[in-house]
Amino acid sequence: MIYLIFSILISSLLFVIFKLFDVCKVNTLQAIVLNYVVALSFGFIHTKVSIPVIEIPEQPWFLGAFILGFLFIAVFNVMGVTAQKNGLSVASVAGKMSVVIPVVIGIFLYNESIGLVKVVGIILALIAVYLSSAKSDTSPVQFKNLLFPLLLFLGSGSIDTLLKYTETTYVPKEAVPMFLSTIFGCALLFGFFFLMAQLLSKKGSFEWKTVLGGIVLGVPNYYSMEFLLKALQTKGLESSTVFTINNVSIVILTTVFALTFFKEKLVKKNWIGIGLAIISILLVVSA
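- An unreviewed UniProt entry lists the protein chain under the name EamA family transporter, from Tenacibaculum discolor.

Here it is as structure tokens:
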């Protein structure tokens, strides 16, 4: 349970860091790319499995790690934009509602059970993302306000699905740090190309304060993943229980951070969306 608690605290901190990037005018893409240098280093430090770099592509989990690397860099950017443009609470709801995606995929691919409670939970999750993105109680949600939360919802769900499948199918317990290092290494590779494209197009210049931003982001990023995987491997804790406690707690904690430290103002629709988010997660994973 201690791993799960640490995962919740650190994952919530990531949303706060992205918000601080906006306050401190830190280039989010540059900090994200540098964060993967830090996360990659921590993975190699913690690994107990010695695999020559040239042999990593031969590992059964490499393809999953490669795809996850691309998703990590892409979704991390979307998370940053969502937290900065829409607010912490919106970003956390959109990201954590994604738990319904692996559930839906499990229904179609693995013939997992589906009932009325689970269907209601999935519908409530989609409504929650919509309501949490509202800027007014009287006017409908504009597409520009819904775009990034929706992308974060879909991207986070894809990561959860592929991460769980690859980890349970191909990754031995002792190889988790190496697996994470490979994901971060692939994310760094993709991020480098994105960063070069940004710099060459003259849409941004390198800023040294992003080095500090990368370090501040990279350390909790690595440990949030390691603690979550260790929580999933804890005997006596089912994955549905882990994801339930993890996602609901992050939504609540991030909302508290948003209200307390950043004075974000939530309209009535936002509060209803957050409430539905918590209910939907509980329904989906307990059905």
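### Some details on the packing of helix 2 (residues 28–46) against helix 3 (residues 62–85)
Turning to step 1, where the next piece is worked out: Helix 3 packs onto helix 2 with a crossing angle of 140 degrees between their chain directions and a minimal axis gap of 10 Å. The orientation of helix 2 with respect to helix 3, classified from their angle, is oblique. Note on packing geometry: the crossing formed by helix 2 with helix 3 is right-handed. Where helix 2 abuts helix 3, its residues T28, L29, I32, V33, N35 and Y36 lie against F72, I73, F76, N77 and Q84.
Turning to step 2, where the next piece is worked out: The residue makeup of the contact of helix 2 with helix 3, split by class, is seven nonpolar, four polar and no charged.

### Points about the nonpolar core
Turning to step 1, where the next piece is worked out: The biggest cluster of nonpolar side chains holds 88 residues, and the ones touching the most others in it are Y36, F72, M97 and F184.
Turning to step 2, where the next piece is worked out: In this structure Y36 touches F72, I73, F76, F184, A187, L188 and N221, once residues within four positions along its chain are discounted.

### Examining the side chain of N86
Turning to step 1, where the next piece is worked out: By the secondary structure assignment, N86 is in the loop between helix 3 and helix 4 (88–96).
Turning to step 2, where the next piece is worked out: Setting aside anything within four residues of it in sequence, one finds N86 in contact with V81, K135, N145, F148 and P149.

### Here we look at the pattern of salt bridges
Turning to step 1, where the next piece is worked out: Under the criterion given, the structure shown has two salt bridges.
Turning to step 2, where the next piece is worked out: The partner of E264 in a salt bridge is K19, and the shortest N-O contact between them spans 3.6 Å. With E264 in the loop between helix 10 (239–261) and helix 11 (268–286) and K19 in helix 1 (residues 2–23), the pair connects residues that are 245 residues apart, well separated along the chain.
Turning to step 3, where the next piece is worked out: Exposure remark for K19: the relative accessible area of 13% places this residue in the buried category.
Turning to step 4, where the next piece is worked out: Two residues, E226 and K230, come together in a salt bridge whose shortest N-O distance is 2.9 Å. Remark: K230 and E226 occur in helix 9 (residues 209–232); sequence separation between them is four residues, near one turn of the helix.

### Section: unusual backbone geometry
Turning to step 1, where the next piece is worked out: In the Ramachandran plot, K25 falls in the positive-phi region, its phi being about 60 degrees despite a non-glycine side chain.
Turning to step 2, where the next piece is worked out: With respect to the helices and strands, K25 occurs in the loop between helix 1 and helix 2.
Turning to step 3, where the next piece is worked out: In this structure K25 comes out as exposed when scored by relative accessible area, which is 60%.
Turning to step 4, where the next piece is worked out: In this model, K263 sits at a positive phi of 55 degrees, which is unusual for a non-glycine residue.
Turning to step 5, where the next piece is worked out: As for its position among the elements, K263 is in the loop between helix 10 and helix 11.
Turning to step 6, where the next piece is worked out: Taking the relative accessible area as the measure of exposure, K263 reaches 62% and is therefore exposed.

### A few points about the packing of helix 4 against helix 7 (residues 143–170)
Relative placement of two packed helices is described by the angle separating their axes and the distance separating the axes.
Turning to step 1, where the next piece is worked out: The contact between helix 4 and helix 7 brings their axes to 7 Å, and the two run at 35 degrees. Helix-helix and strand crossings are classified by hand; for helix 4 and helix 7 the assignment is right-handed. Here V90, A91, A94 and G95 of helix 4 come into contact with helix 7, specifically with P149, L152, F153 and S156.
Turning to step 2, where the next piece is worked out: Residue composition of the contact of helix 4 with helix 7, grouped by class: six nonpolar, two polar and no charged.

About the criteria used
- Residues numbered from 1 in each chain as written.
- Predicted model: local features only at pLDDT ≥ 70, side-chain atom pairs only at ≥ 80, totals over all residues.
- Heavy atoms only, no water.
- Axes fitted to C-alpha atoms, helices over the stretch in contact; angles between N-to-C directions.
- Helix = DSSP H or I, 4+ residues; strand = E, 2+ residues; numbered from the N terminus.
- Parallel < 35°, antiparallel > 145°, perpendicular 65-115°, else oblique.
- Left-handed = near helix turned anticlockwise from the far one by under 90°.
- Contact = heavy atoms within 4.5 Å.
- Nonpolar A, V, L, I, M, F, W, Y, C, P; charged D, E, K, R; others polar.
- Core = buried A, V, L, I, M, F, W, Y, C linked by side-chain atoms within 4.5 Å.
- Buried < 20%, exposed > 50% of the residue type's maximum accessible area, 1.4 Å probe, protein only.
- Salt bridge = Lys/Arg side-chain N within 4 Å of Asp/Glu carboxyl O.

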